[in-house]
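These are the residues of each chain, in order.
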Amino acid sequence: MANTNLQFKTNYDVSSKIEPFYKGGKVQISKDEKYIFCTCGSRVNVLEISTGKIIHCVEHDDQEDITSFALSCDDEMLVTASRALLLKQWDWRQASCTRSWRAIHTIPVASMTFDSTSTLLATGGCDGTIKLWDVMKQYCTHNLKGSSGVVHLVQFHPNIDLLQLFSSSLDCGIRIWDLRTSQCVCVLQSHYSAVTSLSFSPDGNTMVSSGRDKICTVWDLKTHKAKRTVPVYEAVEGVVLLPGNTDLTEIGVKSKALHFITAGSKGVLRVWEASTARCVYTQTLPSTLTSVSEGEEESDNPRSLTYLFHLPASSRLATVTAEHNILLYQLPALTTQQQFVGYSDEVLDVKFLGKGDSHIVVATNSCQLKVFELLTNSCQILYGHTDTVLTLDVFRKGSLFASCAKDRSVRVWQMDSDSGQVQCVAQGSGHTNAVGSIACSRMKASFVVTGSQDCTVKVWDLPADFSAAGGIHQLTTRTTEKAHDKDVNSVAVAPNDKLLASGSQDRTAKLWSLMGEGTVGLLGVFRGHRRGVWAVCFSPVDQVLATSSADGTAKLWSLQDFSCLKTFEGHDASVLKIIFVSRGTQLLTSGSDGLVKLWTIKTNECVKTLDAHQDKVWGLHASRRDDKMVTGSADSNITVWVDVTEMELAEEQAKQEDQILKQQELSNLLHEKKYLKALGLAISLDQPHTVLTVIKAIREGENSCELLEKTVLKLRQDQKESLLRFCVVWNTNARNCLYAQAVLQVLLTHLPPEELLQYQGARTHLEGLIPYTERHMQRIGRLLQASMFLNYMWQKMRVAGAPSSMGQDEEMDTTPLAQAQPFFVIDKEKRESGSDERRDEGNDSGQDEDPDCSVESEEELDDVSATNKASTDNERVENGASHKTNGKHQSESEESSGEEDLEDETVVKKTKGLPVSSAPQCQTFAS
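Quick caveat: nothing in here was measured; it's all calculated off a predicted structure.

**A few points about the overall build of the chain**
At step 1: Within the chain, the regular secondary structure consists of 15 helices and 59 strands.
At step 2: Residues counted as buried form 50% of the 927 residues belonging to the chain.
At step 3: In the chain, of all internal contacts separated by at least 6 residues, the share reaching a separation of at least 24 is 46%.
At step 4: Accessible area of the chain: about 44,500 Å², with a carbon and sulfur share of 48%.

**Digging into the sheet that holds strand β39 (residues 447-452)**
At step 1: An order of β38-β39-β40-β42 is seen for the four strands of this open sheet, with the pairing classed as antiparallel. The sheet terminates laterally at β38 (435-440) and β42 (476-482), the two strands that pair on one side only. Direction aside, neighbouring strands of the sheet carry axes that sit 20 degrees apart on average.

**Quick word on the packing of aromatic side chains**
At step 1: Enumeration over the complete set of coordinates arrives at 11 aromatic pairs.
At step 2: Pairing Phe-166 with Phe-200 gives two aromatic rings, centres 5.2 Å apart and planes at 65 degrees, and the pair type is edge-to-face. Remark: Phe-200 occurs in strand β18 (residues 195-200) and Phe-166 occurs in strand β15 (residues 164-168); sequence separation between them is 34 residues.
At step 3: Given the relative accessible area of 15%, Phe-200 is considered buried.
At step 4: In this structure an aromatic cluster arises from ring pairing among Tyr-35, Phe-37 and Trp-92.
At step 5: Residue placement shows Lys-26 over the ring face of Phe-69; its charged tip is 5.4 Å from the ring centre.

**Brief notes about the side chain of Asp-407**
At step 1: If you trace the backbone, Asp-407 turns up in the loop between β35 (400-405) and β36 (409-415).
At step 2: One buried charge, Asp-407, has no salt-bridge partner; the nearest side chain with opposite charge is Arg-411, at 5.5 Å.
At step 3: With sequence-adjacent residues up to four places away left out, Asp-407 is seen in contact with His-385, Thr-386 and Asp-387.

**So, the nonpolar core**
At step 1: Ranked by internal contacts, the top residues of the largest apolar core, which has 36 residues, are Val-691, Val-694, Ile-695, Leu-723 and Trp-730.
At step 2: Contributions of two or more residues to this core are made by α3 (645-671), α4 (675-684), α5 (688-700), α6 (704-713), α7 (717-730), α8 (737-750) and α10 (762-797).
At step 3: Here this core gets seven residues from one element, more than from any other, and that element is α8.
At step 4: Ignoring anything within four residues of it in the chain, the contact list for Val-691 reads Leu-679, Ala-682, Ile-683, Leu-723, Phe-726 and Trp-730.
At step 5: Of all hydrophobic cores here, the second largest spans 17 residues; its members include Val-253, Ala-263, Tyr-329 and Leu-331.

**A word on the pairing of strand β48 (residues 544-549)**
At step 1: For β48, the tally of buried residues reaches six of six residues, placing the bulk of the element in the interior.
At step 2: The side-chain alternation of β48 yields two buried faces, one formed by Val-544, Ala-546 and Ser-548 and the other by Leu-545, Thr-547 and Ser-549.
At step 3: Here strand β47 (residues 533-538) runs beside β48; their pairing, made up of five bridges, is antiparallel. Among the inter-strand pairings, Val-536 is bridged to a residue of β48, identified as Thr-547.

**Section: the sheet that holds strand β43 (residues 488-493)**
At step 1: The four strands are arranged β43-β44-β45-β46 in an open sheet whose pairing can be described as antiparallel. Because the sheet does not close on itself, it has two edges, and the strands there are β43 and β46 (521-527). Neighbour-to-neighbour, the strand axes of this sheet turn through a mean angle of 20 degrees, independent of strand direction.
At step 2: The pairing of strand β44 (residues 499-504) with strand β45 (residues 508-513) spans five bridges and is antiparallel. Along β45, the bridge assignment pairs Ala-501 with Leu-511.

**Focus: the pattern of salt bridges**
At step 1: A complete count under the given rule lists 16 salt bridges for this structure.
At step 2: Across the salt bridge formed by Glu-76 and Arg-93, the nearest N and O atoms sit 3.6 Å from each other. Here Arg-93 lies in the loop between β8 (86-91) and β9 (96-102) and Glu-76 lies in the loop between β6 (66-71) and β7 (78-82), a separation of 17 residues in the sequence.
At step 3: Take Glu-76: its relative accessible area is 46%, and that puts it in the partly exposed class.
At step 4: For Arg-93, a relative accessible area of 32% corresponds to the partly exposed category.
At step 5: Taking the shortest distance from any N to any O, the salt bridge between Arg-716 and Asp-718 comes out at 3.1 Å.
At step 6: What you see here is one network of salt bridges that share partners, running through Lys-9, Asp-626 and Asp-643.

**Quick look at a negative patch on the surface**
At step 1: A cluster of acidic residues, Glu-59, Asp-61, Asp-62, Glu-64 and Asp-65, forms a negative patch at the surface.
At step 2: Relative to the assigned elements, Glu-64 resides in the loop between β5 (54-59) and β6.

Criteria and cut-off values
- Residues numbered from 1 in each chain as written.
- Predicted model: local features only at pLDDT ≥ 70, side-chain atom pairs only at ≥ 80, totals over all residues.
- Heavy atoms only, no water.
- Helix = DSSP H or I, 4+ residues; strand = E, 2+ residues; numbered from the N terminus.
- Buried < 20%, exposed > 50% of the residue type's maximum accessible area, 1.4 Å probe, protein only.
- Contact = heavy atoms within 4.5 Å.
- Areas by Shrake-Rupley, 256 points an atom, 1.4 Å probe, with all protein chains shown as cover.
- Pairing = 2+ DSSP bridges.
- Axes fitted to C-alpha atoms, helices over the stretch in contact; angles between N-to-C directions.
- Phe/Tyr/Trp six-rings, centres within 6.5 Å; stacked < 30°, edge-to-face > 60°.
- Lys NZ or Arg CZ within 6 Å of the ring centre and 35° of its normal.
- Lys, Arg positive; Asp, Glu negative; His and termini not counted.
- Salt bridge = Lys/Arg side-chain N within 4 Å of Asp/Glu carboxyl O.
- Core = buried A, V, L, I, M, F, W, Y, C linked by side-chain atoms within 4.5 Å.
- Patch = residues over 30% accessible without salt bridge, like charges linked within 9 Å, V, L, I, M, F, W, Y side chains within 5 Å.
- Charge placed at Lys NZ, Arg CZ, Asp CG, Glu CD.

The quantities given are spatial measurements derived from coordinates; they are silent on function.
Right, dumping it as structure tokens:
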């Protein structure tokens, strides 16, 4: 039984995350070509190209959106501009702001750029002005006026000796500014729409400009004339002049004439020969889709490109798509090298993929599928569906998976085990509405089951060998069944491929037989959910079915009698996904509340709640080795979790072993009276009771006050802080307050208040000490009063010592009680026979009994009476009379006090219900 419990998972920890890092706006690549800088709201994220990880993040404190930024050419300085009209200079590697100043622009900055020396910064504002800043000397050097509307493009001439700045605004002209005179040299007029980018030749004499008016213009900067206008038939967002010293014959560059490459609304890179205005190369799309047709609206193309960069050191090109994807191509063949997804919108489904679960495939709110390599976050973007992909499922071997979409189609994809490349190998269509659920066969890749919003379930046959089919295989349906009255939200295939389950918006789940060839037979209906069923899943080991519903519950059902076995309640909203883990002994559920919960089936207990998402968790999948899981949410985050149960158990055991060793070491140090080391070790354990044990051991030794003071003062400051914190705990208990006050006395006596107040939480600790200390002082005060009263009573009852003179006022004797030890020796027989006589004598003495005296027995009453009588009989006081028992029938004899052996004497004396033996103790405390 113990072994079974150890197999239960108790916790998952976040292993990695794929988060949105670019939501539109400016993108810039560092000069060393290692980092990509991109805006994401109020942040500038720094993406490391080699790993695909966000390694730095620069964020404005005021949470204002960043309108533009610029990285210096030496990659050292980053300047950002926000809507708050602030310019901030950053040490981006440390994510620290080194300087901040007000932009003189009246409305936000739209564009920024550095010169090649990294000393001049140009800012183009929405107010139509351009300002130049000397970032070293920290002042504004130029204020260039004359542009009309927003200045959306500023760029320095690569030859800094010319001191020229190029700009463009809404008037579609390209202005050249002479920075020596702050005058506009000329305006280059050619475009009839916004100028989007400029590219200069290495010698600086030629420039190519691109615009959204579907033309590119080649300029001679010596004469400021247009040499050639090239119609490119698409709105161009980026243009790059290709280097002339590189062999680029693979992309159509067969002469040394000027060539440039464009990126725009068609979503493909094209190479142009400037002298002939001819397109010599067009990039082929990595799918069956063709480029946007002439009659189609280009602005709706999700593959349109918004930026184009040339990376000369690594001979690469980088593009940014309208869907916020960043793609890197290797020259000269323009082969795709890396792809990064900046923003995925809603993640609708996610599954592990590949050998050893090295990849994940993601369906987002897009017609494209994304396959991420977990090691580098590099992504393959799969094109094929023409509408939003809704869900996925993976076959058992992990290299084959299927997808379905709103375009009513089904596609099967295969990953190459060597290269990791994924391609579509089969497709089918036949549903009359969006296909919202899909399930693959479990035993072998023989069929796929889909459920649609048309309320039907279809079974699709797969070919035995996809490579033999050649191209994309067309799937055929084995059978179609009207399954539910409303949308089919989920389908699942049993581990033996003989059963099929479906869950629907009609609040029911159904079990179907897949035994017959080409037929699907209904076996039973699972009724019990109060709202639509979102997910169904078969147990890998038991004959049970798990379902999750919009009613916030998950249920387990028996496949024999279709009864509900267990109900799991805990989510505050719809439970969207459910899977089995730990060999069918536990469940994982995800909900609209953004939570993922781990359940143990046997106990119906929610073992762990994982909170890492801010929106609906649509995707949930466990790895084949059952050591990881992945979740995808509508907040655009994908989280990979790793099972840390064994790790936490090992850490707990190691911690316990370490505690045992330290406890033994502490015991040894106390035995050896090495109190300083013992106290330091006890504080490091962070256990107030253990530290108290050491303090008690120090107080029990000789010269305890000096030893305690010496030990405490030798502690480090952090140890004194902990000791002060522990004193607050001890002081709340009257049993331990004495030790707390002793330590506090040392700290408050020897440490100045300034040093004490520097301790973490010192004010709070001292405030917590005051009320309990006042309570302890009040209790001690009451104890002192009681002890003084007891001392007074005792002095009045003393029978030994010098006789007091009658008629004179007696003062209370304050000598220690230990100096006078009177004894009342009472003969047992005498007491029994003369109890009445003594009682009468006691009454005749004229002293009133104390009403508070507690007389528990007749013998005690006799003793009190005898005491009263003795205190009034001066003759008996002077002689020091005592009653001594010599035997059972011996007569009473009088002898002088102190001469006889008193070992067998019985001393009984009580006042106010307290034994006399307690009086010295009270007297000592009072003194």
